[in-house]
Amino acid sequence: KNEVEQSPQNLTAQEGEFITINCSYSVGISALHWLQQHPGGGIVSLFMLSSGKKKHGRLIATINIQEKHSSLHITASHPRDSAVYICAVYTGNQFYFGTGTSLTVIP
Amino acid sequence: DVKVTQSSRYLVKRTGEKVFLECVQDMDHENMFWYRQDPGLGLRLIYFSYDVKMKEKGDIPEGYSVSREKKERFSLILESASTNQTSMYLCASSFIGDTEAFFGQGTRLTVV
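Reference entry: report on the structure contained in this document. (Residues numbered from 1 in each chain as written. Chains lettered and ligands numbered in written order. Predicted model: local features only at pLDDT ≥ 70, side-chain atom pairs only at ≥ 80, totals over all residues. Heavy atoms only, no water.)

With that settled, the discussion passes to the overall build of chain A. Assigned secondary structure in chain A consists of zero helices and 11 strands. Its helices and strands in sequence order give chain A the pattern β-β-β-β-β-β-β-β-β-β-β, from N to C terminus. Against the globule reference of 13 Å for 107 residues, chain A gives a C-alpha radius of gyration of 13 Å, in line with a compact fold. For chain A, the residues scored as buried account for 46% of the 107 residues in total. Of the roughly 4,900 Å² of accessible surface on chain A, a fraction of 50% belongs to carbon and sulfur atoms. With 7 positive and 6 negative side-chain charges, chain A shows a separation of 9 Å between the mean positions of the two kinds. (Helix = DSSP H or I, 4+ residues; strand = E, 2+ residues; numbered from the N terminus. Rg over C-alpha atoms; globule rule 2.2 N^0.38 Å. Buried < 20%, exposed > 50% of the residue type's maximum accessible area, 1.4 Å probe, protein only. Areas by Shrake-Rupley, 256 points an atom, 1.4 Å probe, with all protein chains shown as cover. Lys, Arg positive; Asp, Glu negative; His and termini not counted. Charge placed at Lys NZ, Arg CZ, Asp CG, Glu CD.)

Right under this line is the structure:
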């Protein structure tokens, strides 16, 4: 049983497209994180949120606590957005991770 | 303003070597975690610590030990590195029960 489910697993988009990655979770959480990992690279924390919506540049993250669901949106996608995006939820004493969404943006 | 720092981004070690992966946080967090990431398996918990000198095994502690002598530092130790410990290792820290939690940038360890 996976406490965190992400979809889609793989995503290919044309440059400029609007992208949505979804995350559903089954545990009670105090915060949800979206992480980005480029091929061969380290992990960068994009967002930490516990309610509502956050925006950073072309990235937007939303969370619905009642529905236990979060989305990561990328507007005007660019090839440099190609990476694996990981949803992680924090329960107050441990993390659960999704298996990641591999995004490829084609020029 | 880096809050969780892992000592190395990339590390190459030989089979049988003793390996130390260091994680330091500057936020006075009680909780610190070590995870490893493998293709198809995602991120799995190795050990965590909720206070100085306290540690708890995670899902995959075999072949690893940890040390937390100071609140800000949590070390992951591979007593005798093996090729199946080649992986990405990720450290995280948080306050107990709080929403705030942060990740390090990860350490890619290759054991040859």
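Scanning chain B from N- to C-terminus turns up zero helices and 11 strands. With the principal axes as the frame, chain B shows a C-alpha extent of 40 × 25 × 25 Å. Buried positions account for 50% of the 112 residues belonging to chain B. For chain B, contacts bridging at least 24 residues in sequence account for 55% of all contacts bridging at least 6. When the accessible surface of chain B is split by element, carbon and sulfur atoms take 50% of a total near 5,400 Å². Within chain B, the 16 negative side-chain charges are centred at a point lying 7 Å from the centre of the 15 positive side-chain charges. (Contact = heavy atoms within 4.5 Å.)

Glancing now at the side chain of Ser-65 of chain B. All names here are of chain B. Tracing the chain through its elements places Ser-65 in strand β7 (residues 65-70). Judged by relative accessible area, Ser-65 falls into the buried class, the value being 18%. Engagement of the side chain of Ser-65 in a polar contact is seen with the side chain of Glu-79, the distance being 3.2 Å. In this structure, Ser-65 is in contact with Tyr-47, Ser-75, Leu-76, Ile-77 and Glu-79, ignoring residues within four places of it in sequence. (Polar contact = N/O pair within 3.5 Å; in protein donor to acceptor, adjacent residues only side chain to side chain.)

Take the state of the cysteines next. By the definition in use, this model includes two disulfides over all chains. Covalent S-S linkage joins Cys-23 of chain A and Cys-87 of chain A, the inter-sulfur distance amounting to 2.0 Å. An S-S torsion of about -65° defines the bridge between Cys-23 of chain A and Cys-87 of chain A as left-handed. Note that Cys-23 of chain A is positioned in strand β3 (residues 19-25) and Cys-87 of chain A in strand β9 (residues 83-90), a separation of 64 residues in sequence. Taken individually, Cys-23 of chain A and Cys-87 of chain A each receive the classification buried, so the pair is uniform in this respect. The residue that forms a disulfide with Cys-23 of chain B is Cys-91 of chain B, at a sulfur-sulfur distance of 1.8 Å. Classification of the bridge connecting Cys-23 of chain B and Cys-91 of chain B rests on its S-S torsion, roughly -75°, and on that basis the disulfide is left-handed. Taken together, the residues span a long stretch of sequence, with Cys-23 of chain B in strand β3 (residues 19-25) and Cys-91 of chain B in strand β9 (residues 87-94) at a distance of 68 residues. Taking relative accessible area as the criterion, Cys-91 of chain B reaches 0% and is therefore assigned buried. (Disulfide = S-S within 2.5 Å.)

All names here are of chain A. If you trace the backbone, Ser-71 turns up in strand β8 (residues 69-74). A polar contact of 2.9 Å, which involves the side chain of Ser-71, links it to the side chain of Asn-22. Discounting residues that sit within four places of it in the chain, Ser-71 has contacts with Thr-20, Ile-21, Asn-22, Trp-34, Ile-60, Ala-61 and Thr-62.

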